[in-house]
Amino acid sequence: MSAKILLINGPNLNLLGTREPELYGGASLADIEEQVKAYFEESGMTCLCFQSNHEGAIIDFIQAEGPSAEHAIINAGALTHTSIGLRDAISGVRLRFIELHISNVYAREPFRHHSYLSDVAEGVIAGLGPQGYLTAAAHIAALIGE
Ligand code: DQA
């Protein structure tokens, strides 16, 4: 069985490509998912992509797929700053993950500086634009290939 990696995107990330491109770049979520999936497949792994605007749907997905996943890349969008439930779901299934933000949240409004996920994440990537997803994928591939 090849290692299963989850790529999870939260609220409003379905709008990538048209949403505030000065902050989030011009790539669509479908473009990003395709690139990340291809990257993992080339490395002999499978990648399951999921996006939802609903906190409960993301928690359900993590409960269903997290236990059999090796690792995850999670851009929880605004839920990063608000959701103890999402944090508990991740911890509850012991899902190792990289917290990802396309924009540099630390250079933005103070309410984006706090994350409920960072201290249970393996690492945090912020501000590298859509390229950050591939940086996270490369890290995970290297880790699992070890
Ligand atoms: C984001 C940053 C969050 O603060 C914001 O709510 C998002 C996207 C990012 O990718 O930069 O929806 O996670």
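Check the entry above for the structure.
Residues numbered from 1 in each chain as written. Predicted model: local features only at pLDDT ≥ 70, side-chain atom pairs only at ≥ 80, totals over all residues. Heavy atoms only, no water.

Before going further, it helps to spend a moment on the overall build of the chain. When helices and strands are tallied, the chain shows five helices and five strands. The globule rule puts the C-alpha radius of gyration for 146 residues at 15 Å, and the 14 Å found for the chain is close to it. Across its three principal axes, the chain shows a C-alpha extent of roughly 45 × 30 × 25 Å. The buried share of the chain, taken over its 146 residues, is 45%. Intrachain contacts of the chain at a sequence separation of at least 6 include 77% that bridge at least 24 residues. Only carbon and sulfur atoms are counted for the fraction: they give 52% of the accessible area of the chain, which is about 6900 Å². (Helix = DSSP H or I, 4+ residues; strand = E, 2+ residues; numbered from the N terminus. Rg over C-alpha atoms; globule rule 2.2 N^0.38 Å. Buried < 20%, exposed > 50% of the residue type's maximum accessible area, 1.4 Å probe, protein only. Contact = heavy atoms within 4.5 Å. Areas by Shrake-Rupley, 256 points an atom, 1.4 Å probe, with all protein chains shown as cover.)

This next bit is on the site of the ligand. What surrounds the ligand is the set R19, Y24, N75, G77, A78, H81, H101, I102, S103, V105 and R112. In the environment of the ligand, an oxygen atom lies 3.2 Å from a nitrogen or oxygen atom belonging to the backbone of A78. In the model, an oxygen atom of the ligand is placed 2.6 Å from a nitrogen or oxygen of the S103 side chain. Relative to its unbound accessible area of 320 Å², the ligand is 98% covered by the protein chains. Looking at side-chain class alone, the shell around the ligand contains four nonpolar, five polar and two charged residues. (Near = heavy atom within 4 Å. Polar contact = N/O pair within 3.5 Å; in protein donor to acceptor, adjacent residues only side chain to side chain. Nonpolar A, V, L, I, M, F, W, Y, C, P; charged D, E, K, R; others polar.)

This part is about the nonpolar core. Core analysis: the biggest nonpolar cluster contains 22 residues, and L16, V36, F40, I73, L100, I102 and Y133 have the highest contact counts within it. With five residues, helix α5 (residues 131-145) is the largest single contributor of residues to this core. If we skip the residues at most four places from it in the chain, I102 touches L13, L16, L23, Y24, N75, G127, L128, G129, P130 and Y133. Ranked by size, the runner-up nonpolar core spans 20 residues in total, among them A72, L79, L86 and A89. (Core = buried A, V, L, I, M, F, W, Y, C linked by side-chain atoms within 4.5 Å.)

Right, let's talk about the state of the cysteines for a bit. By definition, a disulfide is the covalent link that joins the sulfur atoms of two cysteine residues. Overall, the coordinates contain zero disulfides when judged by the stated rule. Here C47 is not disulfide-linked; the sulfur of C49 is the nearest cysteine sulfur, at 4.1 Å. Its relative accessible area of 5% is what places C47 among the buried residues. Relative accessible area serves as the criterion here: at 24%, C49 is assigned to the partly exposed category. (Disulfide = S-S within 2.5 Å.)

Residues other than glycine seldom take positive phi values, yet N12 does so here, at roughly 75 degrees. Secondary-structure assignment places N12 in the loop between β1 (4-9) and α1 (21-24). The residue R94 is not glycine, and still its phi comes out positive at about 50 degrees. Mapped onto the elements, R94 comes out in the loop between α4 (84-92) and β4 (97-101).

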